[in-house]
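If you want the building blocks of each chain, they are given just below.
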Amino acid sequence: MNRVLTCLFWLAIALVLTFITLPLAVVVAASLSPSSAVTFLPWEWTTVWYGNLLADRWLQPFLLSVKIATVVAGISGVLGVLAAYAVVYERLPGSTAIMAGLLSPLSVPQIVKGVAIVLFLSIIGLQGVLGTPALIAAHVVLALPFVTRMAATSLANFDGNLDRAAQSLGATKRQRLQHIVLPMIKPGVLSGVTFAFIISFNNIPLSVFLVRPGDTTLPIAVINYLEYSLDPVMAAVNVASMIFILTVIFLFEKVGGFSAQLHGGSK
Amino acid sequence: MNSFDIELVSVSKSFAGIPVVQDLNLQIPRGEFVSILGPSGCGKTTTLNMIAGFNTPSSGDVRVRGKSQNRIPPERRNLGLVFQNYALFPHMTVAENVGFGLRMRGTPKAEIGKAVDAALRSVRLDGFGSRYPKALSGGQQQRVALARAIAPKPSVLLLDEPLSNLDLKLREAMRIELKEIQEQLDMTFVYVTHDQEEAMAMSDRIVVMWQGAIAQQGEPASIYRNPATRFVADFVGRSNILSVRRSIPGPTFLELCIDGTQIVLRSDCAGNNAVQSCCIRPESIALLNGSDSGTGPQNRLDGVVRRIVNLGAHVELLVEVATGLSLMVLVPSSRSSLVPELASTVTLGIDPQDVQVLSD
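Quick caveat: nothing in here was measured; it's all calculated off a predicted structure.

Across its full length, chain A holds eleven helices and zero strands. What you see in chain A, going N to C, is helices and strands ordered as α-α-α-α-α-α-α-α-α-α-α. Overall size of chain A, expressed as C-alpha extent along the three principal axes, is 70 × 70 × 35 Å. Burial statistics for chain A: of 267 residues in total, 32% are counted as buried.

Moving on, we come to the UniProt feature "domain: ABC transmembrane type-1" (unreviewed entry) in chain A. According to UniProt, the "domain: ABC transmembrane type-1" (unreviewed entry) feature falls on residues 62-252 of chain A. Note that residues 62-252 of chain A is 79% helix and 0% strand, and that its end C-alpha atoms are spaced 20 Å apart.

Here the focus is the nonpolar core. Note on soluble globular proteins: their nonpolar side chains tend to be buried together. Among the nonpolar cores identified, the biggest contains 143 residues, and A:A143, A:A196, B:A147, B:L158, B:V190, B:V208 and B:C278 are the most heavily contacted of them. Looking at this core, the element that brings in the most residues is helix α5 (residues 132-156) of chain A, giving 13 residues. Among the domains, domain 1 (4-227) and domain 2 (238-358) of chain B are the pair contributing at least three residues each to this core.

Pairs of packed helices are described in terms of their axes, by the angle between the two and the distance that separates them. All names here are of chain A. Relative to each other, α5 and helix α7 (residues 173-202) sit at 165°, their axes nearing to 8 Å. Here α5 is positioned roughly antiparallel relative to α7, judged by the angle of their axes. Between α5 and α7 the crossing geometry is right-handed. Within the contact between the two elements, α5 uses H139, L142, A143, F146, V147, M150, A151, T153, S154 and L155 and α7 uses I185, G188, V189, S191, G192, V193, F195, A196, I199 and S200.

The next subject is the sheet that holds strand β17 (residues 314-322) of chain B. The strands that make up a sheet pair up through hydrogen bonds in the backbone, lying either parallel or antiparallel. Residue and element names in this part refer to chain B. With antiparallel pairing, five strands are arranged side by side in an open sheet as β15-β19-β16-β17-β18. Edge positions in the sheet fall to β15 (285-288) and β18 (325-332), since each has one partner strand and no second. The sheet shows a mean angle of 45° between the axes of neighbouring strands, taken without regard to direction. Judged from the four bridges that link them, β15 and strand β19 (residues 345-350) form a sheet pairing that is antiparallel. In the strand pairing of β19, L288 is matched with T347.

This part is about the environment of B:P57. Residue and element names in this part refer to chain B. Within the fold, P57 resides in the loop between α1 (44-52) and β4 (59-64). Between the C-alpha atom of P57 and that of K13, which follows or precedes it by 44 residues, the distance is 5.1 Å. Setting aside residues no more than four positions away along its own chain, P57 makes contact with V11, S12, K13, M50, V62 and N70.

What counts and what doesn't
Numbers given to residues run from 1 along each chain, matching the order in which its sequence is written. Chain letters and ligand numbers both follow the written order, the letters beginning at A and the numbers at 1. Side-chain atom pairs in this predicted model are given and counted only at pLDDT of 80 or more, local residue features only at pLDDT of at least 70, and totals for whole chains, interfaces and linings cover all residues. Strands are runs of DSSP state E lasting at least two residues, helices are runs of H or I lasting at least four, and both sets are numbered from the N terminus onward. Partly exposed residues are those whose C-beta has more than 12 but fewer than 20 other C-beta atoms within 10 Å; with 20 or more the residue is buried, with 12 or fewer it is exposed, and the C-beta atoms are placed from the backbone. UniProt positions are given in the numbering used here, feature names are shortened, and annotations may be inferred rather than shown by experiment. In this usage, the nonpolar core is the set of buried Ala, Val, Leu, Ile, Met, Phe, Trp, Tyr and Cys residues whose C-beta atoms join them within 7 Å. The domain limits used here are those given by an automatic or database domain assignment. Lines fitted to C-alpha atoms define the axes, with helix axes restricted to the stretch in contact, and inter-axis angles between N-to-C directions lie between 0 and 180 degrees. Every angle not falling under 35 degrees, over 145, or within 65 to 115 is termed oblique; those three ranges are roughly parallel, roughly antiparallel and roughly perpendicular. It is the rotation of the near helix from the far one that decides the hand of a crossing: anticlockwise by less than a right angle makes it left-handed, clockwise makes it right-handed. Whether two residues are in contact is decided by their C-beta atoms, placed from the backbone, lying within 7 Å. Paired strands, in this sense, are two strands between which DSSP finds at least two bridges.

Here you go:
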């Protein structure tokens, strides 16, 4: 009986994983196809399409996306931590309302937000910031709720006795923030920042309104390309950006991963 | 300059209009081990937090070495603090934890190293410096917390139920260790606990708190022997508490008529007509042989053994001495020949000095 249950358990896991990864497998397979038409399960393999990735057509948008995502991750990381600190740790009056306000961008569809930002910029006569500055600002608005929420949750779980212990040991507020509070909420903040990076890097609905012609982010470049052609280069671009995102997640895990410290071990 | 490390001068504290501590006056001399003992909700932790500076008194004054602390934030009070849940910094090694206080003060590295080693040695954890707290047992973690608190050499150490999370054997061992460390460092310890045995075992002085006020304070033995109120008699140790209908001051004794019975007990206590209750510790009641007479204790009561409970070292008897009145009697197991049969009749002897008059 138990055996059967165990088998079913693992079967369920395998099915879910297959369900999640099969579309990705299709893309990977297509990117390796020697025929210029997109096919699944090609009988021969080639990596020739990946050579195209270094062309300016893909490299420039990729670099722009990385640049914007990095800045967005940094800004929303700092703002998110500050907001969560004020609301949760300092218990500002009206903190529930403030938190609701900070999370409100989540409730507006991105397309609507994109249109709204373009309209807003043209009304106040700032069409000039379209392109990188507008993209960064818009992506921060989009990513901030995630970072704030993650930081707030970490702070809410933070044991106040740690803070009191540090205080009784003579640590000033700034010292406690630096040595106790921030290190303790680091894992939560880092996962929030990772989300911010990915949200910005992958964004289409907002970016599509805000890019300047000829200076686009990678997802917009992909959209533009898809309008005219569907070939294995496309698949190669997607596989490469997937690998890039996975690497980013892995690196953030490494930096924030003090699971070893929290679960024992020594230095 | 006086010799009190800590003084509370008519300190009161209320939260949202509800009084938690009321007009508390307490003086703690330098180098003393003082326990604040009381049930949960008696205001003992609030009192400790006011000394530490995490709570501000609603009125009154907290003084450390004669200096008012009301406007001084916790980080500048130079008091060590030990918590029930250890509150070790999980992202720092044991050595980093212990050195934290000195590091925040900008002490030179070499000095910190020495102080950390000394502190770890005094809690017998030398060699554990490079480990992380989660790799240690509960008892070891609490000793790290203790080392962390004493490393910056605070004037006073405040301990908030530090042993409550440990198991019984370890708790008993740690009691002795804590007392030894306190004597070695000659530091003032203020120890908050709800465990009366713990308070008895370690303290130079016990402050029993109830409903936000001090119910009684004194040396452990005198609190146990002479509880002043019904609450203290009940909370500290086990006792037979009897309601008194009427008390008659005699030439040398106070005669207490026990409510609802014909029993009259003599007590050595001074008292008046208003005595409401009295207390007799179960171990101070003697089982008398029939032949025993005259010279022995002056209160003699006959009763029937209704229940016998073996507690290991002791046997507890419940003896019905009158309708509706039973006394708990504790007999050492080593004198098992004295333990009577169930339902047998026994004579109890109670020395008048063991009948303690209580006030409410």
